[in-house]
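# Examination of the molecular architecture
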Amino acid sequence: MSALIMDAEADDRFRTVLVLTFAALATLLATVGVFGVEGRDPTTYVGVVVLLVFVCFGAAFLPAMRVAKIAPMEVISTEE
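None of the values given here were measured: they were computed from a predicted structure.

### Some remarks on the overall build of the chain
In terms of helices and strands, the chain carries three helices and zero strands. In the chain, the succession of helices and strands from N to C terminus is α-α-α. For the chain, the accessible area works out to roughly 7,500 Å², and carbon and sulfur atoms hold 74% of it.

Here it is, written out as structure tokens:
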């Protein structure tokens, strides 16, 4: 069991290093590719976080509202 936990911890460390590497590369690309964006620009980070919150909200809330309009008995009675 402890070997399984150690393998999971190694996988987590690898994923963390991988994500941080890609984040550094993305920051470098944004700095080079977009005029006026600095690598440590707090306005850009806040803007990206706000944008991601709205995208996640839309991706979760809109389909949930669509499904909430359907009566469960209608779905069950039409299944074969």
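### Examining the packing of aromatic side chains
Using the criterion set out here, one finds one aromatic pair in the structure. Measuring from centroid to centroid gives 4.9 Å for F57 and F61, while their planes differ by 10°, and the two rings are stacked. You can see F57 and its partner F61 sitting in helix α2 (residues 42-68), four residues apart, about one turn around the helix.

### Brief notes about the confidence of the model for the chain
Low pLDDT means the predicted coordinates in that region are not meant to be read closely. Per-residue confidence for the chain gives a mean pLDDT of 78; residues scoring 70 or more make up 88%. Mean pLDDT per element in the chain: helix α1 (residues 2-33) is the minimum at 75, and α2 is the maximum at 84.

### Points about α2
Its 27 residues give α2 an end-to-end C-alpha distance of 38 Å, which sits within 8% of 39 Å, the value for a rise of 1.5 Å per residue. The element α2 is largely exposed, with a buried count of zero among its 27 residues.

Conventions used here
- Residues numbered from 1 in each chain as written.
- Predicted model: local features only at pLDDT ≥ 70, side-chain atom pairs only at ≥ 80, totals over all residues.
- Heavy atoms only, no water.
- Helix = DSSP H or I, 4+ residues; strand = E, 2+ residues; numbered from the N terminus.
- Areas by Shrake-Rupley, 256 points an atom, 1.4 Å probe, with all protein chains shown as cover.
- Phe/Tyr/Trp six-rings, centres within 6.5 Å; stacked < 30°, edge-to-face > 60°.
- pLDDT = per-residue confidence, 0-100.
- Expected span 1.5 Å × (residues − 1).
- Buried < 20%, exposed > 50% of the residue type's maximum accessible area, 1.4 Å probe, protein only.

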